[in-house]
Structures are given as structure tokens and as C-alpha cells.
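# Coordinate inspection notes
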Amino acid sequence: MFEPYVQEVLSLKGDMNKGRAIFKTNCAECHGLQADGSVGPSLHQVHRHKFKIKLIHQVTSGKTPPMPKFKPSFQ
Ligand code: HEC
């Protein structure tokens, strides 16, 4: 099965406001404030080629430099 972190993330309900705040602080610098791409690619269509588990791995693994490894906590 998946690692506990992934399971926990999958069990959560999305929260747009928290997500936006986390994105602004940690991701917008590379992916753009509207996630339309800058140093990192645009994320607008990313759900078409990467699904939940792959997306979580992309963000938490740190395997695609220069994108760092993130493990946001749930508080
Ligand atoms: C230092 C710059 C940087 C930061 C900060 C960053 N990224 Fe990235 N991100 C990248 C780059 C560069 C890629 C392309 C990596 C590759 O595919 O080799 C990428 C790829 C991705 C992808 C996959 C895109 C695709 O089309 O497959 C996702 C999803 C993603 N980032 C989400 C995030 C999220 C969410 C955050 C914040 C938690 C974040 N990134 C922060 C640079 C960054």
C-alpha cells in the first residue's frame, strides 16, 4: 500500500483557501501566481497526465530539481 503520508493526504478534503496560501508561499515563485508557469511548468493541465498519487510524489519527493521537497503539515 501507499506510505502513511500519501494515505493521509488522500483522506483529506481539499481546502481552497489553505491551498492558495500554501501555493503562494511555496510554489508561486517557480510556477507563477496563477500557476501558469515560470521557472517551473504551468500546472493548469497537470491533472490530465498526473493523477493524485503521482502529484503527491512529485511534490514530496524532491526528485525533479530544482523543485525542492515539500511535505506540508496538516495544521
Ligand atoms: C524552485 C522552483 C520550484 C518550486 C519552488 C516548486 N516547483 Fe514544482 N516544478 C519545478 C520544475 C522545474 C518542475 C519540472 C520538473 C520536471 O518535470 O523535471 C516542476 C514540476 C512540478 C509538477 C509536475 C508538472 C508536470 O507537468 O508534470 C508539479 C505538479 C509541481 N511542480 C507542483 C509544485 C507545487 C505544488 C509546489 C509547491 C508546494 C512546487 N511545485 C514548487 C520547479 C519548482
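The structure we're discussing is the one just above.
Here is a short report on the structure shown in this document. This one's a predicted model, so the numbers in the text were calculated from it and none came from an experiment.

Within the element layout of this structure, histidine 31 appears in helix H3 (residues 28–31). Contacts of histidine 31, omitting those with residues within four sequence positions, involve Phe23, Asp36, Gly37, Ser38, Gly40, Pro41, Leu43 and Met67.

Turning to the coordination of the iron atom of the ligand, a few remarks are in order. The coordination sphere of the iron atom of the ligand contains the protein donors His31 (NE2) and Met67 (SD), at a distance range of 1.9 to 2.0 Å. Classification of the site at the iron atom of the ligand as octahedral follows from its six donor atoms and the range of 85 to 179 degrees in their angles at the metal. Placement of the pair is histidine 31 in helix H3 and methionine 67 in the segment after helix H5 (52–61), with a sequence separation of 36 residues. By relative accessible area, histidine 31 is classed as buried at 10%.

Cut-offs and rules
Residues numbered from 1 in each chain as written. Predicted model: local features only at pLDDT ≥ 70, side-chain atom pairs only at ≥ 80, totals over all residues. Heavy atoms only, no water. Helix = DSSP H or I, 4+ residues; strand = E, 2+ residues; numbered from the N terminus. Contact = heavy atoms within 4.5 Å. Donors = N, O, S within 2.8 Å, 3.2 Å for Na, K, Ca; no water. Tetrahedral: all angles 85-135°; square planar, octahedral: opposite > 155°, others 65-115°. Buried < 20%, exposed > 50% of the residue type's maximum accessible area, 1.4 Å probe, protein only.

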